[in-house]
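Overview (structure and organization)
Residue strings, one per chain:
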Amino acid sequence: TAAVMDRLVSLHALATMDDNMGDFLEDGHVSADQAAAIRSEVAVLLAELRPDAAALVDSFALDDYFLNSALGSHDGDVYRRLYDEVQSAPFNASHVPPGYADLLHSRLIKGAGRSRL
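Residues numbered from 1 in each chain as written. Predicted model: local features only at pLDDT ≥ 70, side-chain atom pairs only at ≥ 80, totals over all residues. Heavy atoms only, no water.

Quick notes on a nonpolar patch on the surface
- Taken together, the side chains of M5, V57, F60, L62 and F66 make up a nonpolar region of the molecular surface, amounting to roughly 460 Å² of accessible area.
- By relative accessible area, which is 38% here, M5 ends up partly exposed. (Patch = residues over 30% accessible without salt bridge, like charges linked within 9 Å, V, L, I, M, F, W, Y side chains within 5 Å. Areas by Shrake-Rupley, 256 points an atom, 1.4 Å probe, with all protein chains shown as cover. Salt bridge = Lys/Arg side-chain N within 4 Å of Asp/Glu carboxyl O. Buried < 20%, exposed > 50% of the residue type's maximum accessible area, 1.4 Å probe, protein only.)

And the structure:
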């Protein structure tokens, strides 16, 4: 809707100002109180836009590669993507903590065991 797009434009403008706030303050374009108000309004706009976030991302038709997010993938298979990302993370490939093989490995194998919930 137009109201959502107005909020998005305002968020973009204020977040850009906030990213460069040092310049605005140094050049005297905003006061410290105004800078605080801008940061506050960014938080308010983020909260207001949160319910529309998925629809906004979908409306821009950004591909999975650009988003780089397991949660925002086109196929909706969040859990498989999260599992694959964790398994392929460099830290997990190069570091095996003590006790992993004895205590955790068999429980983390895909399909092993059943939930007791």
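Here the narrative resumes, following the displayed structure.
Points about the packing of helix α1 (residues 2-19) against helix α3 (residues 32-49)
- Two numbers describe how α1 lies on α3: the axes approach to 9 Å, and their chain directions differ by 145°. Between α1 and α3 lies a crossing whose hand is left-handed. Judged by residue contacts, V4, R7, L8, S10, L11, L14, A15, M17 and D18 of α1 engage I38, R39, E41, V42, L45, L46, E48 and L49 from α3.
- Taken together, the residues of the contact of α1 with α3 sort by class into 11 nonpolar, 1 polar and 5 charged. (Axes fitted to C-alpha atoms, helices over the stretch in contact; angles between N-to-C directions. Helix = DSSP H or I, 4+ residues; strand = E, 2+ residues; numbered from the N terminus. Left-handed = near helix turned anticlockwise from the far one by under 90°. Contact = heavy atoms within 4.5 Å. Nonpolar A, V, L, I, M, F, W, Y, C, P; charged D, E, K, R; others polar.)

Overview of the pattern of salt bridges
- Counting across every chain of the model gives 3 salt bridges.
- E48 is paired through a salt bridge with R7; the nearest N and O atoms lie 3.1 Å apart. Taken together, the residues E48 in helix α3 and R7 in helix α1 connect sequence positions 41 residues apart.
- With relative accessibility at 36%, the residue E48 sits in the partly exposed group.

Regarding the layout of surface pockets
- Taken as a whole, the largest pocket encloses approximately 200 Å³ of empty space.
- Around the largest pocket, the lining residues are V86, Q87, F91, N92, H95, V96, P97, Y100 and L108.
- Of all the secondary-structure elements, those providing two or more residues to the lining of the largest pocket are α6 (78-88), α7 (90-94) and α8 (100-108). (1 Å grid on protein atoms, 1.4 Å probe; cavity = no way out; pocket = protein on both sides within 12 Å on 5 of 7 lines; lining within 4 Å. Points joined across faces, edges and corners; volume = space filled by probe spheres on them.)

Describing α3
- Over its 18 residues, α3 runs 26 Å from end to end, which matches the ideal 26 Å to within 8%, given 1.5 Å per residue.
- Among the residues of α3, those classed as buried are A35, I38, V42, L45 and L49. All buried residues of α3 lie within an arc of 80° about the axis, which places them on one face of the element. Turned more than 90 degrees off the buried face of α3, the exposed positions are A32 and D33.
- Elements that come into contact with the buried residues of α3 comprise α1, α2 (21-26) and α4 (53-59). (Expected span 1.5 Å × (residues − 1). Arc of directions from axis to C-beta.)

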